[in-house]
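Examining the three-dimensional arrangement
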Amino acid sequence: MEGEWRVVGSGRLGAERALRAAIADGDLLPGARLVEADLVAMLGVSRGNIRLAIDALAADGLVERIPNRGARIRVISTDEAVAITEARMALEALIARKAAQRVTAAQADRLRSHLATLRGALEAGDLLKYSTLIQRLHELVRDVAAQPVAAGLVDRLQAQLVRHQFQLSLRPGRPQVSLRELTVLVDAITARDPDRAEAAAVSHFRSVITALSEPTHEPGGHA
């Protein structure tokens, strides 16, 4: 476990947030062991708080405890990734509808600007940046929607899919497809068209499900 992690807060909550961020950012990959002594040294919290943080992540399906072997980041199979994305699709459809109903002029400008940045990253061939920017776009839409229950559920689902979504962004042709889909989504939200925004979200995530289900040589697979 290398690199600098974001530690926000102290004690159990600070450790939990740092671990969640490391998983979301891809610093902790599926299958990676969580060594309590290492985490104590890295995060500067007690061993008891590390154990509580790991328990919280295990409850959310991000971590699994192996008898006599400690804890590790849970590996999500393709079938499970599809099932998680199906659940997320329903939530994202609601979020898109709410965003189209509530978007302000300033928020619409911000969404358009972010979409332009996303397009620029793809044109420059920077797929790592492109993948990160997709996650940020979804976060911006959730902020506009102001539906905290749906947003919280999506955050929990999303954290389990980081590796799969990152792999999708590296597949030939997939970034161009996702950019077209996300452009339709942003256009519908900024046009304040709830029906079209909801349909665009559903269409995008159905496309993600199809891509996840396609055979690939990659061991995993941003939407």
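Everything below is about the structure shown above.
Everything numeric here is computed off the predicted structure, so don't read it as measured data.

A separate point is the overall build of the protein. When helices and strands are tallied, the protein shows 10 helices and three strands. Listing the helices and strands of the protein from first to last along the sequence gives α-β-α-α-β-β-α-α-α-α-α-α-α. Computed over C-alpha atoms, the radius of gyration of the protein comes to 18 Å, within 12% of the 17 Å expected from 2.2 N^0.38 for 223 residues, which places it in the range of a compact globule. If you line up the protein on its principal axes, its C-alpha atoms span 55 × 40 × 30 Å. Residues counted as buried form 47% of the 223 residues belonging to the protein. In the protein, 29 side chains carry a positive charge and 27 a negative one; their mean positions are 3 Å apart.

Let us look at the environment of Ala200. Looking at the element boundaries, Ala200 is found in helix α10 (residues 194-213). In the structure, Ala200 is positioned 16 residues away from Val184 in sequence and 6.3 Å away in space, judged by C-alpha atoms.

Quick look at the side chain of Arg174 now. Position of Arg174 among the secondary structure elements: in helix α9 (residues 174-190). Separated by 2.7 Å, the side chains of Arg174 and Ser207 make a polar contact.

With that settled, the discussion passes to the packing of helix α2 (residues 36-43) against helix α3 (residues 47-59). Axes are the key here: two packed helices are described by the angle between their axes and the distance separating the axes. Axis separation between α2 and α3 bottoms out at 9 Å; the angle between their running directions is 110°. Looking at the two axes, α2 sits roughly perpendicular to α3. For the pair α2 and α3, contact is made by Glu36, Ala37, Leu39, Val40 and Leu43 and by Arg47, Ile50, Arg51 and Ile54, respectively. Of the residues in the contact of α2 with α3, the class split is six nonpolar, no polar and three charged.

The next point concerns the sheet that holds strand β2 (residues 63-66). The strands that make up a sheet pair up through hydrogen bonds in the backbone, lying either parallel or antiparallel. Strand order in this open sheet of three strands is β1-β3-β2, and the pairing throughout is antiparallel. Of all the strands in the sheet, just β1 (33-34) and β2 have a single pairing partner and so form its edges. Bridge count for β1 against strand β3 (residues 70-73) is two bridges, and the pairing is antiparallel. Its bridge partner lying in β3, Leu34 is registered against Ala71. Along the sheet face, α3 touches β1, β2 and β3 and points at about 110° away from the line of β2.

Moving on to the pattern of salt bridges. As enumerated under the stated definition, the model contains 19 salt bridges in all. One salt bridge in this structure joins Glu214 and Arg171, with 3.8 Å as the shortest N-O distance. One end of the pair, Glu214, is in the segment after α10; the other, Arg171, is in the loop between α8 (162-170) and α9, and 43 residues separate them in sequence. The exposure class of Arg171 is buried, given its relative accessible area of 13%. By sharing partners, the salt bridges in this structure join Arg12, Glu16, Arg20, Asp60 and Arg156 into a single network.

Definitions and cut-offs
Residues numbered from 1 in each chain as written. Predicted model: local features only at pLDDT ≥ 70, side-chain atom pairs only at ≥ 80, totals over all residues. Heavy atoms only, no water. Helix = DSSP H or I, 4+ residues; strand = E, 2+ residues; numbered from the N terminus. Rg over C-alpha atoms; globule rule 2.2 N^0.38 Å. Buried < 20%, exposed > 50% of the residue type's maximum accessible area, 1.4 Å probe, protein only. Lys, Arg positive; Asp, Glu negative; His and termini not counted. Charge placed at Lys NZ, Arg CZ, Asp CG, Glu CD. Polar contact = N/O pair within 3.5 Å; in protein donor to acceptor, adjacent residues only side chain to side chain. Axes fitted to C-alpha atoms, helices over the stretch in contact; angles between N-to-C directions. Parallel < 35°, antiparallel > 145°, perpendicular 65-115°, else oblique. Contact = heavy atoms within 4.5 Å. Nonpolar A, V, L, I, M, F, W, Y, C, P; charged D, E, K, R; others polar. Pairing = 2+ DSSP bridges. Salt bridge = Lys/Arg side-chain N within 4 Å of Asp/Glu carboxyl O.

Geometric descriptors of this kind do not, in isolation, establish any biological role.
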